[in-house]
Amino acid sequence: MIDRKNGEASLKQSSRRLYAEIFSIKDTLYNDLLERFPEDASLKEHAEQWKVCIMTAAVSTALFSTALAGSKEFPYVYSYLHLKLQALYPASEAVFEDCMAAIAKLLNGTEYHSGAFAEGLALWLYFTIQGKESFQEEETLPFLLAGQYMNQYFYNWFDTQQS
């Protein structure tokens, strides 16, 4: 009983820590992308959209952590992170649901593959930020870098917090 309560408290604390990290990372990653790709006009044109999508992709990726699967705390963690995103970006609800659906499709019935997952996130970022229905490969590098970062840092994030 005590271990379960400690685990639940740990997940709640981890969700608060995750939000704080993501809030900080949105600017750090965005500024890093600006420095690496100064010629990419979409970074400047869609600055707020980039930040919303960075936060959304990070939260959504972390929510698919194995530690949350079947957890009674999942609704709390999900709601907390969802509400924090909405408070910061009121129009983020549809983006959040779209990202959660995209990740679910990436993981549905298939074994996790790091490269495919990162590319899937990159494509979601590209189509969401650019608002296009097709993509130009030469425009995708910043999105691929962001997708790789989300995958490396936030995939199974809650699992790493419990270790």
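Residues numbered from 1 in each chain as written. Predicted model: local features only at pLDDT ≥ 70, side-chain atom pairs only at ≥ 80, totals over all residues. Heavy atoms only, no water.

## A word on the packing of aromatic side chains
Stage number 1. Scanning the entire structure with this criterion turns up 14 aromatic pairs.
Stage number 2. Ring geometry for Tyr112 and Tyr155: centres 3.8 Å apart, planes at 10 degrees, overall stacked. Here Tyr155 lies in the loop between α7 (141–154) and α8 (157–162) and Tyr112 lies in the loop between α5 (93–107) and α6 (114–130), a separation of 43 residues in the sequence.
Stage number 3. Here the aromatic cluster, defined as three or more aromatic residues joined through ring pairs, consists of Trp50, Tyr126, Phe127 and Phe143. (Phe/Tyr/Trp six-rings, centres within 6.5 Å; stacked < 30°, edge-to-face > 60°. Helix = DSSP H or I, 4+ residues; strand = E, 2+ residues; numbered from the N terminus.)

## Remarks on α5
Stage number 1. Compared with an ideal rise of 1.5 Å per residue, which puts 15 residues at 21 Å, α5 spans 21 Å between its outermost C-alpha atoms and is within 8% of the ideal.
Stage number 2. As for α5, its buried residues are in contact with α3 (47–63), α4 (74–88) and α6.
Stage number 3. In the stretch just after α5, Gly109 is the one whose phi turns positive, near 70 degrees. (Expected span 1.5 Å × (residues − 1). Contact = heavy atoms within 4.5 Å.)

## Description of α6
Think of an α-helix as 3.6 residues a turn; residues three or four steps apart then line up on the same face.
Stage number 1. Given a rise of 1.5 Å per residue, 17 residues ought to cover 24 Å, and the 24 Å separating the end C-alpha atoms of α6 matches this to within 8%.
Stage number 2. Three or more residues of α6 are buried, namely Phe117, Ala118, Gly120, Leu121, Ala122, Trp124, Leu125, Tyr126, Thr128, Ile129 and Gln130.
Stage number 3. Each element contacted by the buried residues of α6 is listed here: α2 (41–45), α3, α5 and α7.
Stage number 4. Phi for Gly131, located one or two positions after α6, is positive at around 70 degrees. (Buried < 20%, exposed > 50% of the residue type's maximum accessible area, 1.4 Å probe, protein only.)

## Focus: the pattern of salt bridges
Stage number 1. If you walk through the whole model with that rule in mind, you get five salt bridges.
Stage number 2. Linking Lys26 and Asp27 is a salt bridge whose minimum nitrogen-to-oxygen distance equals 3.0 Å.
Stage number 3. Residue class for Asp27 comes out partly exposed when judged on its relative accessible area of 27%.
Stage number 4. Residue Glu139 pairs with Lys132 through a salt bridge whose shortest N-O separation is 3.0 Å.
Stage number 5. Taking the relative accessible area as the measure of exposure, Lys132 reaches 33% and is therefore partly exposed.
Stage number 6. Salt bridges sharing partners connect three or more residues here, namely Lys26, Asp27 and Lys51. (Salt bridge = Lys/Arg side-chain N within 4 Å of Asp/Glu carboxyl O.)

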